[in-house]
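# Summary of the model geometry
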Amino acid sequence: LDIHEHQDLAAFLMDYRGSSLATALDGAVCLYQARWQGPVAWVFGSEGQGVRPNVLARAGQRVVIPMPGPVESLNVGAAAAICLFETVRRRLA
């Protein structure tokens, strides 16, 4: 697991050879219906601001974690855990 912080993520995603997914609310597909294979780069934004628009534009897919009821958002750590778990689950399936 490689973690990149404080990087030019738009440039990184432009050169990345695997699948790239960014969490978002608008224009996103449900995490469980999203399609990806092989290596994956996940991008998580801050809880209030989300992922920067220039980074969203470079991501291969936007995904949203389905949540029932009036929940507005998840803590970014919780969101990352859910997405990484789904990645592992698919690899083991």
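Please refer to the structure placed before this passage.
Residues numbered from 1 in each chain as written. Predicted model: local features only at pLDDT ≥ 70, side-chain atom pairs only at ≥ 80, totals over all residues. Heavy atoms only, no water.

### Some words on the sheet that holds strand 4 (residues 61-64)
Basically, it comes down to this: Two strands pair if DSSP finds at least two bridges between them. The way it works is that DSSP assigns letters per residue, a run of H or I at least four long becomes a helix, a run of E at least two long becomes a strand, and they are numbered from the N terminus. Contacts were defined at the residue level, with two residues in contact if any of their heavy atoms lie within 4.5 Å. Only the stretch in contact is used when fitting a helix axis, every axis being a line fitted to C-alpha atoms; angles between N-to-C directions are given from 0 to 180 degrees.
In spatial order, the strands read 2-4-1-3; together these 4 strands make up an open sheet with parallel pairing. With partners counted over all chains shown, the strands left at the sheet margins are strand 2 (29-30) and strand 3 (40-43), one partner each. The pairing of strand 2 with strand 4 spans 2 bridges and is parallel. Residue pairing in the sheet places Cys 30 in a bridge with Val 64 of strand 4. Those strands touched by helix 3 (residues 76-92) are strand 1 (19-23) and strand 3, and its axis lies near 160° from that of strand 3.

### Some points on the packing of aromatic side chains
Short version of the rule: Only centres within 6.5 Å qualify two rings of Phe, Tyr or Trp (six-membered ring in Trp) as a pair; their planes then separate them into stacked at under 30 degrees, edge-to-face at over 60, and tilted for everything else. Each residue is assigned to one of three classes by its accessible area relative to the maximum for its type, calculated with a 1.4 Å probe on protein chains only: buried under 20%, partly exposed between the two thresholds, exposed over 50%. In this analysis the charged atom, NZ for Lys or CZ for Arg, is taken to sit over a ring once it is within 6 Å of the ring centre and within 35 degrees of the ring normal.
Going through the model one piece at a time under the given rule, you end up with 3 aromatic pairs. On the basis of an interplanar angle of 15° and a centroid distance of 5.8 Å, the ring pair of Trp 42 and Phe 44 is categorised as stacked. Its relative accessible area of 14% is what places Trp 42 among the buried residues. Among the aromatic residues, those joined into a ring-pair cluster are Trp 36, Trp 42 and Phe 44. Positioned above the aromatic ring of Trp 36, the side-chain terminus of Arg 90 is 3.8 Å from the ring centre.

### Comments concerning the pairing of strand 1
By the criterion of burial, strand 1 is predominantly enclosed, with 5 of the 5 residues buried. Both faces of strand 1 are covered, namely the face carrying Ser 19, Leu 21 and Thr 23 and the face carrying Ser 20 and Ala 22. Sheet topology places strand 1 next to strand 3; 4 bridges connect them, and they run parallel. Opposite Ser 20, over in strand 3, you have Ala 41 as the bridge partner. Bridge analysis of strand 1 against strand 4 gives 3 bridges, and the strand direction is parallel. Directly across from Thr 23, in strand 4, lies its bridge partner Val 63.

### Comments concerning the pattern of salt bridges
As a reminder, the rule being used: The working definition used for a salt bridge is a side-chain nitrogen of Lys or Arg within 4 Å of a carboxyl oxygen of Asp or Glu.
One pass over the full model with this rule turns up 2 salt bridges. Among the ionic pairs, Glu 86 bridges to Arg 89, the shortest N-O distance being 2.7 Å. Linking Glu 86 with Arg 89, this pair stays in helix 3, spanning 3 residues, or about one helical turn. Close ionic contact of Arg 90 with Glu 86 constitutes a salt bridge, the shortest N to O distance being 2.8 Å. In this pair, Arg 90 and Glu 86 both sit in helix 3, 4 residues apart, roughly one turn of the helix. The class of Glu 86 is buried, set by a relative accessible area of 3%.

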